[in-house]
Amino acid sequence: MRDRYDRKIEYMRISITDRCNLRCTYCMPHGIKQVGMEEILTYDEILQVVRAAAGIGIRYIKITGGEPLVRKGCTALAGRIKAVPGIEKVTITTNGVELYENLQALLDAGIDGINISLDTVDPEKYRTLTGSDRIEAVLRAVRACCSCGIRVKLNAVVMKDTEWRSLIGFAENNPVDVRFIEMMPIGPGREYMVKRDILNEIRSEYPDMKRDEEVHGPGPACYYSIPGFEGSIGFISAVHDKFCGHCNRIRLTSMGYLKTCLCFGEGTDLRAILREDDLSCERKKKVLEEAMRTAVYNKPEAHCFGDVSRMTENGRMVSIGG
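Keep in mind that what you see is a predicted model, and the values were worked out from it rather than measured.

Parameters at a glance
- Residues numbered from 1 in each chain as written.
- Predicted model: local features only at pLDDT ≥ 70, side-chain atom pairs only at ≥ 80, totals over all residues.
- Heavy atoms only, no water.
- Salt bridge = Lys/Arg side-chain N within 4 Å of Asp/Glu carboxyl O.
- Helix = DSSP H or I, 4+ residues; strand = E, 2+ residues; numbered from the N terminus.
- Buried < 20%, exposed > 50% of the residue type's maximum accessible area, 1.4 Å probe, protein only.
- Pairing = 2+ DSSP bridges.
- Axes fitted to C-alpha atoms, helices over the stretch in contact; angles between N-to-C directions.
- Parallel < 35°, antiparallel > 145°, perpendicular 65-115°, else oblique.
- Left-handed = near helix turned anticlockwise from the far one by under 90°.
- Contact = heavy atoms within 4.5 Å.
- Nonpolar A, V, L, I, M, F, W, Y, C, P; charged D, E, K, R; others polar.

Asker: Help me understand the pattern of salt bridges in this model?
Answerer: When charged atoms on two side chains of opposite charge get close, those side chains can pair. A full pass over the atoms with the stated rule returns 14 salt bridges. When the shortest N-O distance is used, the salt bridge between D112 and K82 registers 3.2 Å. One end of the pair, D112, is in the loop between α3 (99–109) and β4 (113–117); the other, K82, is in helix α2 (residues 74–82), with 30 residues separating them in the sequence. With relative accessibility at 28%, the residue D112 sits in the partly exposed group. Close ionic contact of R151 with D177 constitutes a salt bridge, the shortest N to O distance being 3.6 Å. You can see R151 sitting in strand β5 (residues 151–157) and its partner D177 sitting in strand β6 (residues 176–181), a full 26 residues away along the chain. For R151, a relative accessible area of 32% gives the class partly exposed. Residue D177 is classed as buried on the basis of its relative accessible area of 4%. Sharing partners across several salt bridges, the network here consists of R151, D177 and E214.

As structure tokens, this is what we get:
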């Protein structure tokens, strides 16, 4: 489906939980209140939304959270989503803490790619940033993913002390995309935003770096290759290098709100439709499709992260979905 600005919308990120087993300072510090499980969509409800989404042209699904692997049955859900007619690829984004134990189940479910959030490989920095000492569990999962042939992307949020040298080392001897993501001014993220040109920092040490034109997925990252590296280096700069003109995504929060732009608080309440007892299954699917078509068509032209006074989204990323 295309919106009113003729952008093809075919990618949906689905948050299945607002829970997480880390407490990253820029995302989910201690003290954040969580909603009751009865307010979060059931897996059957998520599948109803996916079927409706496929009916309007969504082809790619990303399972997110919170941390999706803390919700029991996540790996089975991935397989059920992959089986929905019209859905071509299903990927997952995770902090990697419980990934090793769930990797085979994800592979059996037919997962097409795994994004692992990893901002540092230094144990002490990791502990300070996340409140956890599980860095070795994450690194073990990264190594296992690299050895099993699944497409792996490592996501690092850009901060003042981002250690890009150690992070891009994963791409030197592994077919991994290491991506540096600009912080967005949502929730605690406003306090951590920094405009840092890591691309030029890397280029100063690797002058032969070149733009990589290979398609790495439906997301907005710009990729570069370094001679001798198996993997690629990617950059996602939503604020200072906005890509709204070719944005292709929508988001479903764990509570069932369909969001078409992170910048704005408005959303379409799909949970209310899903829990309407008077609607038959077939009628419910049609109503969902109609609601989603309207939301997609009216997707905002661009975000306003450059002028936070115009933002209407006051929530946190953990409640919206990563």
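Now that the structure has been shown, we can carry on.
Asker: Would you explain the pairing of strand β8 (residues 222–225) in this entry?
Answerer: Moving residue by residue along a regular strand, the side chains alternate between the two faces of the sheet. Here three bridges tie strand β7 (residues 210–212) to β8, and the two strands are oriented antiparallel to one another. Bridging from a neighbouring strand, R211 pairs with Y224 of β8. A loop of six residues connects β8 with strand β9 (residues 232–236), the two strands running antiparallel in sequence, and G228 in this loop sits at a positive phi of about 90°.

Asker: Teacher, can you tell me more about the packing of helix α1 (residues 43–55) against helix α9 (residues 281–297) here?
Answerer: Packing of α1 against α9 brings their axes to within 9 Å, and their N-to-C directions diverge by 60°. By the angle between their axes, α1 is oblique relative to α9. Here α1 runs over α9; the crossing is right-handed. Contact residues: Q48, V49, R51, A52, A53 and G55 in α1; K284, K285, L288, E289, M292 and R293 in α9. Of the residues belonging to the contact of α1 with α9, the class tally is five nonpolar, two polar and five charged.

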